[in-house]
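Below, each chain spelled out in residue letters.
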Amino acid sequence: MKSNSVIVLVVALIAVWLVSESVYIVKETERAVKLRFGEIVEPDIESGLHFKIPFVNTVRKFEARLITMDSRPQAFLTLEAKRLIVDSYIKWRVANVEKYYTATSGDENRANSLLSSRIETNLRNQFGERTLNQVVSGEREELMDQVNQALSLVAQDELGIEIVDIRIKRIDLPTEVSASVYDRMRSERLRLARELRARGMELAEGIRADADRQRTVITANAFSAAEIVRGEGDAQAANIYSNAFSQDAEFYAFMRSLNAYRESFQGGGDVMVLEPKSDFFRYLQNPMGQ
């Protein structure tokens, strides 16, 4: 009785194991291929629940999402034989599962290695056809588009991989060249700064001289205008005095004498020695001047 229970238990365990080995699940984020003794029998399995024959079929699953490969920095020569250190990355995903498995055995690291060698070759060719200025600024987008197009065709045909994007993260000069380039750029900027400063000082001197000239001209014109106005005023005053004097000469003389008295006697300590019968005291002796 006891032995029968053990046999049933063993059979049940074997059945569970067989069922678990016969069923597999492919997720939405995965691509899969079914093999029979190493030969592909189902190249692109859809996501969901599937069955296989234990010991006969094996299933290999791959990442279906976007994969980013960060390439190691490489040295490339430009058209004028300038050495540059280029750091790039590539985004790719599996497009043809059968071809991808045949070319890489489903190994993502091997796929990255194959892509890295191909992108290195394409970048070296593109850099060799362009100058440093074109690579750094002028034609970088065009360069990356051409590399992307060329590599996409090769990766699709040979590896079953779709290239989504290729970008250059950074372009540097070698360490031994960077210092000399920096010094040369610094010297050039200092020279340009001195030229601009000298040009600015020359321009400032010209502006200052022109301002001084304008100030002198404006002052002279203002002084000339003031003198003209003053002369006209004096002429008008003299004319008024003349008209007033001509109307009553005696009264005008009397007013002048009063002003003279006021000016002479306004100081308390002033002493004057004059003849009492002089013309100065004429109006004091006879207020009406008679």
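Residues numbered from 1 in each chain as written. Predicted model: local features only at pLDDT ≥ 70, side-chain atom pairs only at ≥ 80, totals over all residues. Heavy atoms only, no water.

Across its full length, the chain carries eight helices and nine strands. Buried positions account for 23% of the 290 residues belonging to the chain. Excluding contacts between residues fewer than 6 apart, the proportion of contacts in the chain whose partners are at least 24 apart in sequence is 61%. Of the accessible surface of the chain, which amounts to about 20100 Å², a share of 56% is contributed by carbon and sulfur atoms. (Helix = DSSP H or I, 4+ residues; strand = E, 2+ residues; numbered from the N terminus. Buried < 20%, exposed > 50% of the residue type's maximum accessible area, 1.4 Å probe, protein only. Contact = heavy atoms within 4.5 Å. Areas by Shrake-Rupley, 256 points an atom, 1.4 Å probe, with all protein chains shown as cover.)

Let us now look at the pairing of strand β2 (residues 30-36). The buried count for β2 comes to five of seven residues, which makes it a mostly enclosed element. Pairing between β2 and strand β5 (residues 57-63): seven bridges, direction antiparallel. Paired with Val-33 across the two strands is Arg-60, which belongs to β5. In this structure, β2 lies alongside strand β3 (residues 39-45), joined through four bridges in antiparallel fashion. Opposite Arg-36, over in β3, you have Glu-39 as the bridge partner. Where β2 folds back onto β3 in an antiparallel hairpin, the turn is made up of two residues, including Phe-37, whose phi is positive at roughly 55°. (Pairing = 2+ DSSP bridges.)

Direction vectors running N to C along helix α2 (residues 97-104) and helix α5 (residues 140-159) enclose 85°, while the axes themselves pass 7 Å from each other. Here α5 runs roughly perpendicular to α2, going by the angle between their axes. Contacts between α2 and α5 pair Lys-99, Tyr-100 and Ala-103 from the former with Gln-156, Asp-157, Glu-158 and Leu-159 from the latter. (Axes fitted to C-alpha atoms, helices over the stretch in contact; angles between N-to-C directions. Parallel < 35°, antiparallel > 145°, perpendicular 65-115°, else oblique.)

Within the largest apolar cluster, 32 residues are counted, with the highest numbers of intra-cluster contacts made by Trp-92, Phe-127, Ile-161 and Ile-163. Among the secondary structure elements, those contributing two or more residues to this core are β2, β6 (67-70), β8 (83-94), α2, α3 (108-128), α5 and β9 (161-172). When residues no more than four places from it in sequence are discounted, the contact partners of Ile-161 are Trp-92, Arg-93, Ala-95, Tyr-100, Ala-111, Leu-115, Ala-155 and Gln-156. (Core = buried A, V, L, I, M, F, W, Y, C linked by side-chain atoms within 4.5 Å.)

Let us look at the confidence of the model for the chain. Per-residue pLDDT for the chain has a mean of 79; in total, 84% of the residues score no lower than 70. At the level of individual helices and strands, the chain shows its lowest average pLDDT in helix α8 (residues 282-285), which scores 56, and its highest in β6, which scores 87. (pLDDT = per-residue confidence, 0-100.)

Enumeration over the complete set of coordinates arrives at one cavity of 30 Å³ or more. Taken together, the elements giving at least two residues each to the lining of the largest cavity come down to β7 (74-77), β8 and α3. The leading source of residues in the lining of the largest cavity is α3, at four residues. Residue composition of the lining of the largest cavity, grouped by class: four nonpolar, four polar and two charged. (1 Å grid on protein atoms, 1.4 Å probe; cavity = no way out; pocket = protein on both sides within 12 Å on 5 of 7 lines; lining within 4 Å. Points joined across faces, edges and corners; volume = space filled by probe spheres on them. Nonpolar A, V, L, I, M, F, W, Y, C, P; charged D, E, K, R; others polar.)

On the basis of which strands lie adjacent, the open sheet formed by three strands has the order β3-β2-β5 and antiparallel pairing. Both outer strands of the open sheet, β3 and β5, are each paired with one neighbouring strand and no more. Strand-to-strand twist of the sheet, defined as the mean angle between neighbouring strand axes without regard to direction, takes the value 25°.

Side chains of residues three or four places apart in an α-helix project in the same direction, reflecting 3.6 residues per turn. Between its terminal C-alpha atoms α5 stretches 27 Å, which fits the 28 Å expected from 20 residues at 1.5 Å a residue. Every buried residue belonging to α5 is among Leu-143, Met-144, Val-147, Asn-148, Leu-151, Ala-155 and Leu-159, and all of these are buried. Buried residues along α5 cover an arc of 125° about the axis, so they all sit on one side. For α5, the exposed residues lying more than 90 degrees away from the buried face are Gln-149, Leu-153 and Asp-157. Gly-160 occupies a position one or two residues after α5 and carries a positive phi of about 70°. (Expected span 1.5 Å × (residues − 1). Arc of directions from axis to C-beta.)

Right, let's talk about α2 for a bit. Along α2, the residues classified as buried are Val-97, Tyr-100, Tyr-101 and Thr-104. Along the axis of α2, the buried positions cluster into a sector of 95°, meaning they face one direction only. The backbone nitrogen of Glu-98 lies 3.3 Å from a side-chain oxygen of the residue at the head of α2, namely Asn-96. Ser-105 lies just past α2 and shows a positive phi near 60°. (Polar contact = N/O pair within 3.5 Å; in protein donor to acceptor, adjacent residues only side chain to side chain.)

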